Amino acid sequence: ILNLLATFAPAAFVHEIRPAYLELRQTGPETYDVLWKVPGQGENLRLGIYVELPAGCTNVTAPRGAMVNNAFSEVWTVKCPGGLSGRTIHIAGLSGTVVDVLARVERLDGTTQVTRLLPSAPSFVVEATRSRWRLANTYLRLGTDHILMGVDHLLFVLGLLLIVGNRWTLFKTITAFTVAHSITLAVATLGYASAPLPPLNAAIALSILFLGPEIVRVWRGETSLTIRYPWVVAFVFGLLHGFGFASGLKATGLPQADIAWALLLFNVGVEIGQVFFVFLILAMAWSYRSLEIRWPRWALALPGYTVGTLGAYWTIQRTAILLAFVR
């Protein structure tokens, strides 16, 4: 698992790989207000993906766009004869990216359709009626993918697993991390607090670097406050990681009407992904013990040094980005 994490280490800025967001709000039988939000690609540059509406749709107003917080937002009004129900909307250029698109259609009766588009599936059909299962599945998968693709989050959880010494301590540690990131995820998503992304990313990297020496101490048979009470550290740093999770959800530009529902399902998805990862690591450890594999002494120290090295690499890299951001 360490080899896998290290392979994707240079691309571990998962919080900055933000989804694009498309909102179509019906204002009349054949008219829709369109909001199209695309991740930025540096100063005054945007990702080259574009909305393709069904044939026959025409612009009522010219698109008006602006770059805000490293994202390009564009709004306009369209008229589609006969409406959009049963018709296909395509995102041109999406198949050549690693970005997802969260599409939301709000009908005149207030019901909504939320669909997640992938590079492998860049189109969707507008449904005539709302599907609660599709809505729930979209946010669940968004949360699950966010944790499983978040190499920094997974490395932090792995570091915690390498510190704890028994099942009860493991339960308390993972519970503390879950409670902490759930608190800040809710607080940040509901708009009660926020954390700027560059310093947040640097702080999350620092939390991983912090665990590296602690894992080495466990290997040497030493102890520390972190080793004795790992749930305290898990809770404190879990608060930071919760803001990171919130950035993945808020970057979609979700309308306020969906925030509470999206928050719950997204958080459940994060927990599903986290529990899956924990059980995967525990299963691997159990299999090694069952096979009575004898590791050389240097191999036992490798996980701690790997966690610390990657944490140091990301801390330096993200601090450099932070300094450039401040300037």
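Look up a bit, the structure's there.
Remember, predicted model here, so these are calculated numbers, not experimental data.

**A look at the overall build of the chain**
Secondary structure assignment for the chain yields 9 helices and 10 strands. When each of the 327 residues of the chain is scored for burial, the buried share is 49%. Of all intrachain contacts in the chain linking residues separated by at least 6 positions in sequence, the fraction that spans at least 24 positions is 72%. Summed over all atoms, the accessible surface of the chain reaches about 15900 Å², with 64% contributed by carbon and sulfur.

**A closer look at the nonpolar core**
For soluble globular proteins, the rule of thumb is that nonpolar side chains tend to be buried together. Counting residues in hydrophobic clusters, the biggest one holds 48 residues, and the most contacted among them are Leu155, Phe156, Val157, Leu161, Leu211 and Trp314. Elements that contribute at least two residues to this core include exactly α2 (132–149), α3 (151–163), α4 (167–189), α5 (197–220), α7 (230–250), α8 (256–290) and α9 (297–326). Sorting elements by how many residues they give to this core places α3 first, with 9 residues. Apart from residues no more than four positions distant in its own chain, Val157 is found in contact with Ile174, Phe177, Gln274, Phe277 and Val278. Counting residues in hydrophobic clusters, the runner-up holds 25 residues, among them Ala20, Leu22, Trp36 and Leu117.

**Section: the pattern of salt bridges**
With the rule as written, the count across this model stands at 7 salt bridges. Of the charged contacts in the structure, one is a salt bridge between Arg116 and Asp100, with a shortest N-O distance of 2.5 Å. Highlighted residues: Arg116 in strand β9 (residues 112–117) and Asp100 in the loop between β7 (88–92) and β8 (101–106), separated in sequence by 16 residues. You'll find Arg116 and Asp100 in the same group, each marked buried. For Glu106, the salt bridge identified is with Arg104, shortest N-O distance 3.0 Å. Glu106 gets classed as partly exposed once you look at its relative accessible area, which sits at 22%. Given a relative accessible area of 3%, Arg104 falls into the buried group. The network of salt bridges with shared partners includes Glu23, Arg104 and Glu106.

Thresholds, definitions, all that
Residues numbered from 1 in each chain as written. Predicted model: local features only at pLDDT ≥ 70, side-chain atom pairs only at ≥ 80, totals over all residues. Heavy atoms only, no water. Helix = DSSP H or I, 4+ residues; strand = E, 2+ residues; numbered from the N terminus. Buried < 20%, exposed > 50% of the residue type's maximum accessible area, 1.4 Å probe, protein only. Contact = heavy atoms within 4.5 Å. Areas by Shrake-Rupley, 256 points an atom, 1.4 Å probe, with all protein chains shown as cover. Core = buried A, V, L, I, M, F, W, Y, C linked by side-chain atoms within 4.5 Å. Salt bridge = Lys/Arg side-chain N within 4 Å of Asp/Glu carboxyl O.

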